[in-house]
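Residue-level structure breakdown
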Amino acid sequence: MNQDIPELSGLRVLLRPFHHSDVAGRFALGRSPEIVRSFGGNPDGLPAYEESDARSWVERNIEHPLCWAVEVGGRLLGEARLDGLDLHDRRARLATGLYDDSQLGKGLGREMIKLVLSHAFGAIGLHRVDLRVLAFNERAIRCYRSCGFVEEGRERESALIGDVWYDDIIMGILANEYRASAN
């Protein structure tokens with residue numbers, strides 16, 4: 001377990017290290033077909049979400065060097081990660097997930113992302129953070145844009161969901177763009 005993950009606190013959102021006790025919270029969130037699809041999974045015929053699925057998810061996140069549990073009002077809602085950290089090029093890829101449909105569209109994702117970006121461009125000293133998002137995920141794209149990300153490119157038909165191909169949008173933000181938007 002990586003003990004170097006700091007707690008990051010916003011007005012409503014707390015980002016904190018994962019704990020083994022998060023299994024119950026993740027299991028309670030279940031598996032939403034809408035959210036599975038937004039991540040590029042096929043929502044058709046989803047198997048029931050089992051406690052073992054939640055345990056595997058928590059264990060993976062505990063082992064990740066830069067992964068936070070997203071908590072709101074004392075309740076686990078998801079995860080935020082910086083993947084592929086490259087200290088030479090001072091870059092990483094943002095990955096986020098809120099797993100409760102009823103909490104989407106309330107600005108929690110924006111608050112979570114701003115906390116991660118503040119840490120990435122501050123304490124870690126990154127120059128660039130990028131992400132990938134499915135082109136149909138307009139809610140997420142609006143959120144990323146409001147956090148300062150700009151579209152940098154598109155990978156055509158890079159995600160197969162069911163028997164339909166979808167594009168991935170590549171978005172990024174640079175340290176100077178983040179600082180300009182934070183002021």
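Look up: the structure comes first, before these words.
Now for a look at the structure at hand. Residue numbering note: each chain is counted from 1, following its sequence as written. Where totals are concerned, whole chains, interfaces and linings use all residues; where local detail is concerned, this predicted model gives features only for residues with pLDDT of at least 70, and gives and counts side-chain atom pairs only at 80 or more. To get the side-chain values, all heavy atoms of the structure are used, and hydrogens and water are removed first.

**Focus: the pairing of strand 6 (residues 128-134)**
Each regular strand shows side chains that alternate between the opposite faces of the sheet. Using the following cut-off: Each residue's exposure class comes from its accessible area (1.4 Å probe, protein chains only) as a fraction of the maximum for that residue type: buried when under 20%, exposed when over 50%, partly exposed otherwise. For the purposes of this entry, the term helix denotes a DSSP run of H or I that reaches at least four residues, the term strand denotes a run of E that reaches at least two, and both are numbered from the N terminus. Strand pairing requires that DSSP identify at least two bridges connecting the strands. Classification remark: right-handed applies to a crossover when, strands pointing away from the viewer, the course from the first strand over the helix to the second runs clockwise.
Across the 7 residues of strand 6, 6 count as buried, placing the element largely inside the fold. Direction of pairing for strand 5 (residues 91-98) relative to strand 6: parallel, over a ladder of 3 bridges. Looking at strand 6, one finds that Ala-92 is bridged to Val-129. Note that the unit made of strand 5, helix 4 (residues 108-121) and strand 6 has a crossover that is right-handed. Judged from the 7 bridges that link them, strand 6 and strand 8 (residues 164-174) form a sheet pairing that is antiparallel. Note that in strand 8 the partner of Arg-132 across the bridge is Ile-170.

**Remarks on the side chain of Arg-128**
Heads up, the rule is: Any pair of nitrogen or oxygen atoms within 3.5 Å is treated as a polar contact; in protein, a donor-acceptor pairing is required on top of that, and neighbouring residues in sequence qualify only through side-chain atoms on both sides. Only heavy atoms enter the contact rule, under which two residues are in contact if any of them lie within 4.5 Å.
Structurally, the position occupied by Arg-128 is in strand 6. For Arg-128, a relative accessible area of 17% corresponds to the buried category. A polar contact is formed between the side chain of Arg-128 and the side chain of Glu-152, at a distance of 2.6 Å. Setting aside residues no more than four positions away along its own chain, Arg-128 makes contact with Arg-90, Arg-91, Ala-92, Phe-121, Glu-152, Ile-173 and Leu-174.

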